[in-house]
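# Understanding the architecture of this molecule
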Amino acid sequence: MNKDVRTMPSDLLQNLAHLPKKIVALEGIEHTPSFVLHELCGEKAFNLSKAAFFIDNPDFNHFKGVAGYEASTAFGNAEQKWQDPHAFINHIQNTTFNKLVLNSVQASILRDGEIDPFKAQELASKLGIKVPAFRAWEMKHDNFGFLIYEFAGQSLDGVEEHLYNSLYLLNFCPLF
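Residues numbered from 1 in each chain as written. Predicted model: local features only at pLDDT ≥ 70, side-chain atom pairs only at ≥ 80, totals over all residues. Heavy atoms only, no water.

### Concerning the overall build of the protein chain
Our working definition: Going along the chain from the N terminus, every DSSP run of H or I of four or more residues is numbered as a helix, and every run of E of two or more is numbered as a strand. Buried means the residue's accessible area, taken with a 1.4 Å probe over protein chains only, is under 20% of the maximum for its type, while exposed means over 50%, and partly exposed covers the values in between. Residue exposure ignores everything except the shown protein chains as possible cover, and the areas themselves are Shrake-Rupley values with a 1.4 Å probe. Residues scored as positive are Lys and Arg, those scored as negative are Asp and Glu, and His as well as the terminal groups of each chain are ignored. Where a charge lies is defined by one atom per residue type, namely NZ (Lys), CZ (Arg), CG (Asp) and CD (Glu).
Along the protein chain, the regular secondary structure elements total 8 helices and 7 strands. Based on the C-alpha atoms only, the size of the protein chain along its principal axes is roughly 40 × 40 × 30 Å. Burial status across the protein chain gives 47% buried among its 176 residues. Summed over its atoms, the accessible surface of the protein chain is roughly 9400 Å², and 52% of this surface lies on carbon and sulfur atoms. Between the averaged position of the 15 positive side-chain charges in the protein chain and that of its 21 negative side-chain charges there is a distance of 4 Å.

Okay, structure coming up:
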């Protein structure tokens, strides 16, 4: 057995194991990336206080917000969003942080596969993320996913690599 899996908290492991099935159940519903982001950021997963997901296309010099999460405006309990997806969508469409992320459109933050630290920090400041961390990963069609996030009080020692690997689940979400 992989040592990392044994040391991963059981709530987190269970949450991640059920996520692909939940994504499939949302077929045809817009805002799937928001469902996944909220699931990854929640208390039973990586327990982040804020996270903003973007798509970056360096070839076209285009960077666009896709979904935002803020713990203080989270929707009900963890399972409620999956049981009532339309209520969840209505909720997130009215949160200030998510609107701020969705309205973020700018030039690419990535060049030659590297994050421009000045642009990333400037965006984090605009989003009110005081102690930001950044992750980028490859997506389809030469795009990159980009996440700016903030821990909810504790570090992710021992599971940060699991967060990075889990971000690839966002690649399976349709973008409308």
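### Comments concerning the pairing of strand β6 (residues 133-138)
Operational definition: A strand pair is defined by DSSP finding two or more bridges across the two strands.
Only one face of β6 is covered, namely the one carrying A133, R135 and W137; the face carrying F134, A136 and E138 has none of its residues buried. Bridging between β6 and strand β7 (residues 144-151) involves 6 bridges; their strand directions are antiparallel. Its bridge partner being in β7, F134 is matched across the sheet by I148. From the end of β6 to the start of β7, which pair antiparallel, there are 5 residues, and H141 there has a positive phi angle of about 60°.

### Concerning unusual backbone geometry
Even without being glycine, H141 reaches a positive phi, approximately 60°. Structurally, the position occupied by H141 is in the loop between β6 and β7. Take H141: its relative accessible area is 67%, and that puts it in the exposed class. Unlike most non-glycine residues, D142 shows phi in positive territory, near 60°. Structurally, the position occupied by D142 is in the loop between β6 and β7. For D142, a relative accessible area of 57% translates into the label exposed.

### Re the sheet that holds strand β2 (residues 62-70)
Filter applied, for reference: Should any heavy atoms of two residues lie within 4.5 Å, those residues are considered in contact. The axes are straight lines fitted to the C-alpha atoms, using for helices just the contacting stretch, and the angles between their N-to-C directions are given from 0 to 180°.
An order of β3-β2-β1-β7-β6 is seen for the 5 strands of this open sheet, with the pairing classed as antiparallel. Each end of this open sheet is capped by a strand with a single partner; those strands are β3 (105-106) and β6. Relative to the sheet, helix α3 (residues 32-41) contacts β1 (48-57), β2 and β7, its axis offset from that of β2 by approximately 50°. Those strands touched by helix α7 (residues 117-126) are β1, β2, β3, β6 and β7, and its axis lies near 55° from that of β7.

These values are about where atoms sit, not about what they do.
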